[in-house]
Amino acid sequence: MAIPYKIKRSRRARAMRLAVYPDGEVVVTAPHFFDLGVIRHFFAKHIKWVSRKVEETKGKSVIRIPRADIPLLKRQALVLAQERAVHFAAFYGVNFGRIAVRAQKTRWGSCSHKGDLSFNYRLAALPQHIADYIVVHEICHILELNHSKQFWAQVSRAVPEHKAIRKEIRELAMIFY
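Read on for a plain summary of the structure. Note that the structure is a prediction, hence the values are computed from the model and not measured.

## A word on the pattern of salt bridges
Piece 1. On inspection of all chains with the given rule, the structure shows five salt bridges.
Piece 2. The residue arginine 64 makes a salt bridge to aspartate 23 at a minimum N-O spacing of 3.1 Å. Residue arginine 64 is found in strand S4 (residues 61-65), and its partner aspartate 23 is found in the loop between strand S2 (17-20) and strand S3 (26-31); the two are separated by 41 residues along the sequence.
Piece 3. Of the charged contacts, one joins aspartate 132 and arginine 84 as a salt bridge, the two residues approaching to 2.7 Å between their closest N and O atoms. Taken together, the residues span a long stretch of sequence, with aspartate 132 in helix H4 (residues 128-143) and arginine 84 in helix H3 (residues 70-92) at a distance of 48 residues.
Piece 4. Judged by its relative accessible area of 13%, aspartate 132 is buried.

Now the structure itself:
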């Protein structure tokens, strides 16, 4: 099976690079002076890796977000986080400190030992049930600063289907264009 790919020429690149994006798009970035034959040979040499990575992207849910929307997402995420944190803090009978929205690469949220909550701005682009789970997860860290059985029991009080939602999150990809 032939895998389609894009060639991106770069004046700054000093070596070739292969990328398989969450939507399955394959891009070879190459220095502008590399011959097309060299690029094709490079791609052919790595076809097994590319095939495996493309296969891993199948079944993922992809959310596409224009880069120009990032400032708006940050504002929306702060409002969403504040509203839902107030709601779920009341449900659990806890208080939290400050709420911050950040551009974290690998985290959806965090809770400090002081009860300050931090959320990823991408929270605003998620379906409501996933965003709620993330807020509940962080609120529950006010009660349990770990992932013990007691912690998960607390999460289950508000989000009994948390295991399915966690799986959904793992199958989720966001692409900024």
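Additional details are given in the paragraphs that follow.
## Things to note about the packing of aromatic side chains
Piece 1. What the rule picks out here adds up to five aromatic pairs.
Piece 2. Its guanidinium or amino end placed over the ring of tyrosine 121, lysine 74 lies 5.6 Å from that ring's centre, counting from NZ or CZ.
Piece 3. The ring of tryptophan 108 has arginine 122 lying over it, and the distance from NZ or CZ to the ring centre is 4.6 Å.

## Remarks on the sheet that holds S3
Piece 1. Reading across the sheet, the three strands line up as S1-S3-S2 and stay open at both edges, with mixed pairing between neighbours. Across the chains shown, the open sheet's two edge strands, defined by having one partner strand only, are strand S1 (6-10) and S2. The sheet shows a mean angle of 25° between the axes of neighbouring strands, direction not considered.
Piece 2. As judged from the four bridges shared by S2 and S3, these two strands associate in the antiparallel manner. Of the residues in S3, the one forming a bridge with alanine 19 is valine 27.
Piece 3. Where helix H1 (residues 36-45) meets the sheet, its contacts fall on S1, S2 and S3, and the angle it forms with S3 comes to roughly 135°.
Piece 4. The strands touched by helix H2 (residues 47-57) within the sheet are S2 and S3, with S2 carrying the most contacts at an inclination of about 25°.

What counts and what doesn't
- Sequence order as written defines the numbering, with residues in each chain counted from 1.
- Only residues with pLDDT of 70 or above have their local features reported here, since the model is predicted, and side-chain atom pairs are shown and tallied only from 80 upward, although totals for entire chains, interfaces and linings are computed over all residues.
- Think of the side-chain values as coming from all heavy atoms in the structure, minus any hydrogens and water.
- We define a salt bridge as a contact between a side-chain nitrogen of Lys or Arg and a carboxyl oxygen of Asp or Glu at a distance within 4 Å.
- Here a helix means four or more residues in a row that DSSP labels H or I, a strand means two or more in a row labelled E, and each is numbered from the N terminus.
- Only protein chains enter the calculation, and the probe is 1.4 Å; a residue is then buried if its accessible area is under 20% of its type maximum, exposed if over 50%, and partly exposed in between.
- Only centres within 6.5 Å qualify two rings of Phe, Tyr or Trp (six-membered ring in Trp) as a pair; their planes then separate them into stacked at under 30 degrees, edge-to-face at over 60, and tilted for everything else.
- In our convention, an over-ring charge means Lys NZ or Arg CZ found within 6 Å of a ring centre and within 35 degrees of that ring's normal.
- In this analysis, strands are considered paired if DSSP registers two or more bridges between them.
- Note on method: axes are straight lines fitted to C-alpha atoms, helices fitted across the in-contact stretch only, with angles between N-to-C directions ranging 0 to 180 degrees.
- Residue contacts are counted whenever heavy atoms from the two residues lie within 4.5 Å of one another.

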